[in-house]
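# A structural walkthrough
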Amino acid sequence: MVKLSEKRVSLTAMESRLSLHAAVEEARIVLLPPQSQLERSHLAAVVVLTQQGRRSLEWAGTFAFIGTLRDHLTHDFEPVTLPRLWRFPEELPYNAQGKVATEDLLALFREPLRDQSTNPILLAREETNAGYTLHCKV
């Protein structure tokens, strides 16, 4: 439970609600500390997407896709408490004990944003007379 803009927010409740979205396989919410005295703390989301979610992200674009996830959360949470920053890794950073450490999640927001995936993403598969035609993003 954290307090943002005079509102109490359950991080686990937000994670659970976000995980109910069809595009989300797994989600974690972290509280990012302020970077300066003028800035407030805010929430950030680390979301592992389903294959359908990855396709939606590619087709809609990051801004629109995040908008759909935010809309999904507004049914249960005040807009001021929603995550401001989002990351979409292939998998969560589990440690040797099988847990996701908050420090490892925070590290995702300290690094510059870049696509670290080297695997192609299957966008579509069409059956043809000669076999299949695959449409991928590399």
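Here is a short report on the structure shown in this document. (Residues numbered from 1 in each chain as written. Predicted model: local features only at pLDDT ≥ 70, side-chain atom pairs only at ≥ 80, totals over all residues. Heavy atoms only, no water.)

Turning next to the overall build of the chain. Check the secondary structure of the chain and you find four helices and seven strands. The linear arrangement of helices and strands in the chain, starting from the amino end, is β-β-α-β-β-α-α-β-α-β-β. Within the chain, the fraction of its 138 residues that count as buried is 33%. Sequence-distant contacts in the chain: of pairs separated by 6 or more residues, those separated by 24 or more amount to 54%. In the structure as shown, the chain presents an accessible area of about 9200 Å², 50% of it carried by carbon and sulfur atoms. (Helix = DSSP H or I, 4+ residues; strand = E, 2+ residues; numbered from the N terminus. Buried < 20%, exposed > 50% of the residue type's maximum accessible area, 1.4 Å probe, protein only. Contact = heavy atoms within 4.5 Å. Areas by Shrake-Rupley, 256 points an atom, 1.4 Å probe, with all protein chains shown as cover.)

Another aspect to go through is the sheet that holds strand β5 (residues 85-87). The sheet built from three strands is open, its strands ordered β3-β4-β5 with mixed pairing. Single-partner strands in this sheet number two, and they are β3 (24-32) and β5. The average angle at which neighbouring strand axes cross in this sheet is 20°, direction not considered. Direction of pairing for strand β4 (residues 42-49) relative to β5: parallel, over a ladder of three bridges. Residue pairing for β5: Ala45 is matched across the bridge by Trp86. On the sheet, helix α1 (residues 11-19) packs against β3, β4 and β5 and is oriented at approximately 150° with respect to β3. Contacting β3, β4 and β5, helix α3 (residues 62-73) crosses the sheet at an angle of about 110° to β5. (Pairing = 2+ DSSP bridges. Axes fitted to C-alpha atoms, helices over the stretch in contact; angles between N-to-C directions.)

Of all eight residues that make up β4, eight are buried, and the element is covered over most of its length. Alternating residues of β4 divide into His42, Ala44, Val46 and Val48 and Leu43, Ala45, Val47 and Leu49, and every residue in both groups is buried.

What follows covers α1. The periodicity of an α-helix, 3.6 residues per turn, causes residues three or four places apart in sequence to face the same way. If you check which residues of α1 are buried, you get Leu11, Met14, Glu15, Arg17 and Leu18. For α1, the angular spread of buried residues about the axis comes to 165°, placing them on one side. (Arc of directions from axis to C-beta.)

Moving on, we get to helix α2 (residues 51-60). Among the residues of α2, Gly53, Arg54 and Leu57 are the ones counted as buried. Take α2 and look down its axis: the buried residues cluster within an arc of 105°, on one side only. Residue Gly61 follows α2 closely and has a positive phi angle near 95°.

Along the polypeptide, Glu78 turns up in the loop between α3 and β5. A residue is classified by how much of its surface remains accessible, and Glu78, at 43% relative accessible area, is partly exposed. Placed 71 residues apart in sequence, Glu78 and Lys7 show a C-alpha to C-alpha distance of 8.3 Å.

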